[in-house]
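# Tertiary structure, described
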Amino acid sequence: MHRVRDAFVAAAKRAIRLGVDGLELHGAHGYLVHEFLSPISNTADRRLWRLAGEQDAVPLEVFDAVRAAMPSGMPLGVKVSATDWVEGGLGSRADDRVRNRP
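Residues numbered from 1 in each chain as written. Predicted model: local features only at pLDDT ≥ 70, side-chain atom pairs only at ≥ 80, totals over all residues. Heavy atoms only, no water.

### Let's talk about the overall build of the chain
As a reminder of what qualifies: Starting at the N terminus, helices and strands are each numbered in turn, a helix being any DSSP run of H or I of at least four residues and a strand any DSSP run of E of at least two. Accessibility here uses a 1.4 Å probe with only protein chains present; expressed as a share of the type maximum, an area under 20% marks a residue as buried, one over 50% as exposed, and anything in between as partly exposed. Two residues form a contact once any of their heavy atoms are found within 4.5 Å. For every accessible area listed, the method is Shrake-Rupley and the probe measures 1.4 Å; residues are considered covered only by the protein chains on display.
Counting secondary structure elements, the chain contains 4 helices and 2 strands. Reading the chain from its N end, one meets helices and strands in the order α-β-α-α-β-α. A buried classification covers 30% of the 102 residues belonging to the chain. The contacts of the chain with a sequence gap of at least 6 include a subset with a gap of at least 24, amounting to 58%. By element, 56% of the accessible surface of the chain is carried by carbon and sulfur atoms, the whole surface being about 6,700 Å².

Rendered as structure tokens:
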């Protein structure tokens, strides 16, 4: 997982060298960061994907490392999925309320 984090940092540094004004970590729609956040893909039997037993530990570690590599004041956004649109996934309770509206 440290190689994954370091790859995000290396990509951020390349983008900064190219002159971008800000960065965004894409963690939605099945992208790698989303896989750590979703209970569908980040299950208890996939311990490799968890640090300290928290499903959001890896994305937070990536965010902190990228932020530390950026110039002060440069914006860093994060795009995440609010739902997996599947029972048992992210936002499944909210999805049930939407689907079962009168």
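### A look at helix H1 (residues 2–18)
Worth spelling out the cut-off: One less than the residue count of a helix, multiplied by 1.5 Å, gives the span that helix is expected to have. Taking the helix axis as origin, the arc is that swept by the directions to the C-beta atoms.
Relative to the 24 Å expected for 17 residues at 1.5 Å per residue, H1 spans 24 Å between its end C-alpha atoms, a close match to the ideal helical length. Turning to H1, its buried residues number three or more, namely Arg5, Val9, Ala12 and Ala15. On an axial view of H1, the arc spanned by its buried residues comes to 120 degrees, and they lie on one face. Of the exposed residues in H1, the ones pointing more than 90 degrees away from its buried face are Arg3, Arg17 and Leu18.

### Some words on the environment of Val20
Along the chain, Val20 turns up in the loop between H1 and strand E1 (23–27). Taking the relative accessible area as the measure of exposure, Val20 reaches 32% and is therefore partly exposed. Along the backbone, Val20 and Met74 are 54 residues apart, and their C-alpha atoms lie at a distance of 9.3 Å.

### A word on the packing of H1 against helix H3 (residues 57–69)
Each pair of packed helices can be summarised by the angle the axes make with each other and by the distance between the axes. The following threshold applies: Fitted lines through C-alpha atoms give the axes, limited to the stretch in contact for helices. The angle between two N-to-C directions lies from 0 to 180 degrees. The crossing is said to be left-handed when, going from far helix to near helix, the turn is anticlockwise and less than a right angle, and right-handed when the turn is clockwise.
In contact at an axis separation of 9 Å, H1 and H3 are set at 30 degrees when each is read in the N-to-C sense. Here H1 runs over H3; the crossing is right-handed. Packed against H1, whose contacting residues are His2, Arg5, Phe8, Val9, Ala12, Lys13 and Ile16, the element H3 presents Glu61, Val62, Ala65, Val66 and Ala69 at the interface.

### Describing the pairing of E1
Stated formally: Being paired, for any two strands, means DSSP has found at least two bridges between them.
Alternating positions in E1 separate cleanly, Leu23, Leu25 and Gly27 being buried on one face and Glu24 and His26 remaining unburied on the opposite face. Across 5 bridges, the pairing between E1 and strand E2 (residues 76–80) is parallel. Bridge pairing in E2 links Leu23 to Leu76.

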